[in-house]
Every structure is written in structure tokens, then in C-alpha cells.
Protein chains: 2
Amino acid sequence: MLSVAASRLGFRTVIFEPGADCPASHVADRHIQAAYSDEDALRDFGQSVDVITYEFENIPTSALDLLEDLAPVRPGREALRVSQDRMTEKEFLSGLGLTTAPFAAVDDAASLARALDQIGTPSILKTRRFGYDGKGQARLRSPEDAETALADMAGAPSVLEGFVEFSHEVSVIAARGTDGSVACFDPGENVHKDGILSTTTLPARLSTAQRTDAVLLAGRILNALDYVGVMGVELFVTAKGLVVNEIAPRVHNSGHWTQQGCSVDQFEQHIRAVAGWPLGDGGRYADVVMENLIGEDMDRVPDLARDPAVSLHLYGKAEVKPGRKMGHANRVIGPASRG
Amino acid sequence: MLSVAASRLGFRTVIFEPGADCPASHVADRHIQAAYSDEDALRDFGQSVDVITYEFENIPTSALDLLEDLAPVRPGREALRVSQDRMTEKEFLSGLGLTTAPFAAVDDAASLARALDQIGTPSILKTRRFGYDGKGQARLRSPEDAETALADMAGAPSVLEGFVEFSHEVSVIAARGTDGSVACFDPGENVHKDGILSTTTLPARLSTAQRTDAVLLAGRILNALDYVGVMGVELFVTAKGLVVNEIAPRVHNSGHWTQQGCSVDQFEQHIRAVAGWPLGDGGRYADVVMENLIGEDMDRVPDLARDPAVSLHLYGKAEVKPGRKMGHANRVIGPASRG
């Protein structure tokens, strides 16, 4: 979807992706299929483009070292460093004075015991790196779950997060340009099922003050990282205010709704940012519900295709698997209203 | 834009195009660069796809003969036969009982003199084939212009068209599926400059009766051709009713506005039709002005990129030339109103 957005602005894209036949390769000018460790391929890639971006934050440091000398990588290293590690991310957010869930580093049984003393249960143990869509996580309902949870981490450095009492989750899709200008889309309200985003609804249930808060804290995060590009900021709405759940240094699933209802969607916004173009303003002219199509939801495509209010986006993935995001459906509800 | 729409539904595209580095090749899975006379390349193309469509109506008959045996070509031959020749098209439309400008075939000075007797001036002499964007046309203000106009045709079979007194031009972007279902987008109002479409505005100035008329006559044309795909139908609005100016058997420049303000745009609608999917219903949720960016209009891109109401679509053409369509800008004016 980034490649398509780039083409809409007259840019050509080259995709670097180890996998064969990836969806992006179907809509790109060129696909370099190689491992992140293949230095010749990386060099070829870096020399054939004007700017490099990504939609996957676990790119090996060695690849970034090589690419950075050939073309600007946006968003930059600091954003990747912070968001690749849950512990670093939480420390960064706390350092900005933002509220997160209580957290503590866990490396072994002793540090888990100390963390449980401090945070209590219910809580969640998560690997510091490489987690997504609920993977690499274990819930602790009581201290007795400690051993099993630690075993689930398989020795990986982890972080224990306290449970946050929240009424709902929203996310802000925010962008920052090379000139430091910031633009946010209206926050959307997220519903997850089995740890995977199910729907995002616009407008979100937020007071005017909460809406302002959400936008201001997103801006603070982007500025602190000297960020260039689109970022997804997930927030818990609690009685005591907004709590930052996590940040993602890329276009975000909860921003897919922008394809319907905004003049400039999150994908184009990201391309504009990394290309040094002026940002779109994030204005919204429609109420939208985005629904992920996961695994067997694909059976509903014939019906969704008949629904006049639905815009379908299918990713062209070769195989349907349970829990796999196969596409999404944006349903336009009406002209933009205030949540 | 068709290729992008296809990718959105999970389809892959193969582009057959004689030119190198064409914009569609930047967003397609494969580009076969070969002449329409290259039978091996045509066979390779036909064997690698499930269905064939086009956005250029002057494909040689010999190429179609070969391809039709390998995969369905949609829209079919009859639509191409009719629309490739202005005279055949006018006869077809008249045969359906629709009103066109008065017309007569012109092959030489004698037939032009007869046509002028019948139709008078002001009138326009046009080549029967290969005309577009005002090319292959000569205006006759008086019978004295006959010789110059005929010379402009360079011996090509032509048609003299009488001048139609109209208040404005609208076009209907209509679609018909493989199951015979028809869906129309709301008519847009077109303004041309120097024979090239400049803007399309939604909604068009039309009475409810005219709007119904426009949709009904488009449906009649599609059904008569057993058409599959999207068609552009240009109509003059006159005191005596709607006059059909011309039809185009493809997605149409005056339908580009559908990218903003419709759940399913004309490009996806065309892909749905030729793929045998259910059609989108054509519903519109925003008022939009589409403006073509022609030649030096590209100098305005930095300003347009800053305009929060504008969605930019640039075609990635290598070179700016006067009169060349380089992109378009869709400006969302507000929620859908009635014209």
C-alpha cells in the first residue's frame, strides 16, 4: 500500500524483501529478493533509490549500517532503536513524562520475582524484542503463573507490564515531515480479538480534552525522536487520563481507515514525509469503520464485495492461514461527525 | 490506475505495452514490452492471464483475433468495433433511438459538399478513426473552410458533425457486469479547454428528470453492446434534452473524481466487471472537483500538495510536454449534495 501511494505521486519503488512473490513486489518497479545479510544486494538496493523506508521494524542493525551510507533511512535509527525493544521504549516514554503501564525488566526467575513484588498481578510478561499480534506474550493471573510464563519466554530478555484498567483503546496516526512539521489523523477506536486488531472506528469516543491530549503527546514523541514518517501511537483511555500502550515506527493497521475519508491517507502521508514533501493535514470527511479480514474472514469477501458502503482491500497473499491478516474492509458510515 | 485497483482486490496484472518504462509497468507484476504485431509476445501474454482488458481502444484487429482465443477480452469486440469509428458509433447510437449531433460521412470534396448542404455550418470535420483530445478535427465556420478542413484530414475517411447548441456537457460513467447488471456513477459536469478535458465537477447541474435520462440511456448503450466493463458516455445538455456526444469503451478521464468520494472507484469498478465480480453501486459520499494537470500545470504541484482538500494523482510520465496529461487533482468540496 506504500508502493501504491508512492506511484500515485509519480514515484517508483524498489522493494527489498527476502521472501519470494511478496505482495509489494506485485505493485513495485523492482523487487530485490535477498537476505538482510546479503551485502551485495543491499548495496545494489541502496544505490538504486533516493530514500529508504520500511514497514517492518526488526531490520538487522548491520543492514541499516550499510544502507545509511547510501541513502537516507527514514524514520531514522533512533526510532528503530527505541521501538525494537519494549523496555527501551517504555523508558523513553516515561522519560518524556508520559504515562505507561508499570513495567520492569525480567531476565530470570529472580528478576521476575522482584518485578512481581513491584507490579503484582494481573500482569503480562512480554519478550523485549520481536513480539507482534499477541505473539511472545504470557499473562500472569497470579504469582503462581510465574514459572510457566518465564518458560514461554524461552530465555529471551523480557519485560513485565502491569495491567491497566482502561475503558477502551484508541490510536493516533501521526506524521512528521523533514521540516519538523507534524500532522495527526483523528484518533480511531480499536477493538482487538485474540490479541489481533479487529476493528478501528472513526470517530473514537473521546472528550475534546482527551482528543487534544492524544494529539499533543503524539507530537511530543515524534519531536523527541526527530522522527520523519508516519507513526502509530496506541493509547489506553483510563479514568486518570491517557496511557501510552506502544508506538510503532511505521504505517499502522489502525490507520488503514484513512484510505476512505481522508484526502491524503496514512500511506501517502508516510511517502510525503520520507520524500520531503509537505504533509497532508489529516482532515477527515467521513465516518469509517475499518475491519481486518483475518484467516477465514476471507469467506465473507463475496458478501462484502456486494455491500455498497464497503471498500475492500485484499493483500494478494498466496495462502489463507488462521490468524493471518489477508485484507481489510473500510465501511463508510456517513459524513464526518464528532465523536 | 487499473493495475493499482486490481492489486487492491488481490489480483496481479501483466501489462502489454509497446513503449518502454510505461507508468503501468511501475505498478504491475510484469510488463511485456512488444509490438502489437509480435505474435509470440501476444501469445505469451494471453497465456499468462485469466482475463484481458484495455484502456486504449485502437488495438489492431489482428492482435485481438489472436488474444480472443487465449482469454476472454472484456469489453468485447462489438464495443471496440463501434467506438473505433465515429461514423459507426453515430449510426449505432441513432439506431438505438438516441439523439446525436447531425452527421454525414465524408470521403472527398464531393461528399463534403453534400454533407455541408445537409448539415450546414458551423460544423466540425473529424477523422473517423484515431482521434482523441481534439486531434484530427477541423472546424468549419462557413462553407469556404471546406477545402482547408478536408486537407487537414489528409485523405482519412471522415465525418462531418453539425454544431449542437448546448448549455453544458456531462458524462455518465457506467458499468455492466458479466451477469448483465448495470451500475452508474452520478453524472459529472465537464469543462474542456483547447479540446482537452479540464475539470469534472460533482454534482453536475441536471434536473432529476435529466439525471434519470442520462442513466437510462447509458444503460441502453451497455445492454445493446452486451458490454462488460466501464464505459464513459459524454452527453450535451440542450434545451431539447440530452444529446450523446461520444462513448469510450474504457475507464474515462471524466470518471477520475470517483477516486475520492466513492467506496468503489471507476478503476475498481472496471476490474470488478471484467473479473466477474459484483459491481459497486456507484454511490457517492462527497462533492468533488477533478482537475486535470496538463503540461505546465505540473508547476502547481507544490502548491496543490499543500492544499488540505486536494488528493493528488501523478502519472509518473518521464517528460512534461504541452498538452500532455501529467496527473490530476481531486478536490473534496464537502459531503455529497444534490446538484
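Residues numbered from 1 in each chain as written. Chains lettered and ligands numbered in written order. Predicted model: local features only at pLDDT ≥ 70, side-chain atom pairs only at ≥ 80, totals over all residues. Heavy atoms only, no water.

Per an unreviewed UniProt entry, chain A goes by the name N5-carboxyaminoimidazole ribonucleotide synthase and belongs to Roseovarius nubinhibens. Per UniProt, chain A carries the Catalytic activity (unreviewed entry) text "5-amino-1-(5-phospho-beta-D-ribosyl)imidazole + hydrogencarbonate + ATP = 5-carboxyamino-1-(5-phospho-D-ribosyl)imidazole + ADP + phosphate + 2 H(+)". Quoted verbatim from the Subunit (unreviewed entry) field of UniProt, the annotation for chain A is "Homodimer." (UniProt positions renumbered as here; feature names shortened; annotations may be inferred.)

Attention now goes to the overall build of chain A. Across its full length, chain A holds 10 helices and 15 strands. What you see for chain A is a C-alpha radius of gyration of 20 Å, in line with the 20 Å of a compact globule of 339 residues. For chain A, the C-alpha atoms occupy an extent of roughly 55 × 50 × 45 Å along the three principal directions. For chain A, the proportion of contacts with a sequence separation of at least 24, taken over those separated by at least 6, is 58%. When the accessible surface of chain A is split by element, carbon and sulfur atoms take 49% of a total near 14,400 Å². Charge-centre separation for chain A: the mean point of 33 positive side chains lies 3 Å from the mean point of 47 negative side chains. (Helix = DSSP H or I, 4+ residues; strand = E, 2+ residues; numbered from the N terminus. Rg over C-alpha atoms; globule rule 2.2 N^0.38 Å. Contact = heavy atoms within 4.5 Å. Areas by Shrake-Rupley, 256 points an atom, 1.4 Å probe, with all protein chains shown as cover. Lys, Arg positive; Asp, Glu negative; His and termini not counted. Charge placed at Lys NZ, Arg CZ, Asp CG, Glu CD.)

Moving on: the relation of the copies chain B and chain A. Both copies of the chain are related by a screw-like operation: a rotation about an axis and a shift along it. Expressed as a screw operation, the relation of chain B to chain A combines 0.0 Å of axial shift with a rotation of 180°, fitting to an RMSD of 0.0 Å. The relationship between the two copies is best expressed as a two-fold rotation axis. For chain B, the smallest separation between a C-alpha atom and the rotation axis is recorded for Val27 of chain B, amounting to 1.9 Å. The overlap is high: 100% of the interface residues of chain B also sit at the interface in chain A, so the same surface is used on both sides. (Least-squares fit on C-alpha atoms with pLDDT ≥ 70 in both.)

All names here are of chain B. With respect to topology, 4 strands assemble into an open sheet ordered 3-6-4-5, the strand pairing being antiparallel. The sheet is open, and its two edges are formed by strand 3 (103–106) and strand 5 (137–140), each paired on a single side. Averaged over all pairs of adjacent strands, the angle between strand axes in this sheet comes to 25°, irrespective of strand direction. Alignment of strand 3 against strand 6 (residues 158–162), held across 4 bridges, turns out to be antiparallel. Residue pairing for strand 6: Ala104 is matched across the bridge by Leu160. Taken strand by strand, helix 5 (residues 86–95) contacts strand 3, strand 4 (123–127), strand 5 and strand 6, and its axis lies near 150° from that of strand 3. (Pairing = 2+ DSSP bridges. Axes fitted to C-alpha atoms, helices over the stretch in contact; angles between N-to-C directions.)

A few words now on the interface of chain B and chain A. Every contact between the two is made by 38 residues of chain B and, on the other side, 38 residues of chain A. For the pair chain B and chain A, the two sides together bury roughly 3,000 Å², of which 54% comes from carbon and sulfur. Together, His26, Ser263 and Tyr285 of chain B form the three largest contributors to the area buried by chain B at its contact with chain A, with a combined 18%. Residue Asp21 of chain A pairs with Arg12 of chain B through a salt bridge whose shortest N-O separation is 2.8 Å. Inspection of the chain B/chain A interface yields 16 residue pairs in polar contact (both at pLDDT 80 or more). Among the secondary structure elements, those contributing two or more residues to the side of chain B that touches chain A are helix 1 (2–8), helix 9 (266–274), helix 10 (301–306), strand 14 (310–314) and strand 15 (325–335) of chain B. Taken together, the residues that form the side of chain B that touches chain A break down as 20 nonpolar, 10 polar and 8 charged. (Buried area = accessible area lost by both parts, 1.4 Å probe. Salt bridge = Lys/Arg side-chain N within 4 Å of Asp/Glu carboxyl O. Polar contact = N/O pair within 3.5 Å; in protein donor to acceptor, adjacent residues only side chain to side chain. Nonpolar A, V, L, I, M, F, W, Y, C, P; charged D, E, K, R; others polar.)

To continue, consider the domain arrangement of chain A. The domain boundaries assigned to chain A delineate domain 1 (2–73), domain 2 (102–162) and domain 3 (168–335). Its C-alpha centre places domain 2 of chain A at a distance of 28 Å from the equivalent point of domain 3 of chain A. (Domains from an automatic or database assignment.)

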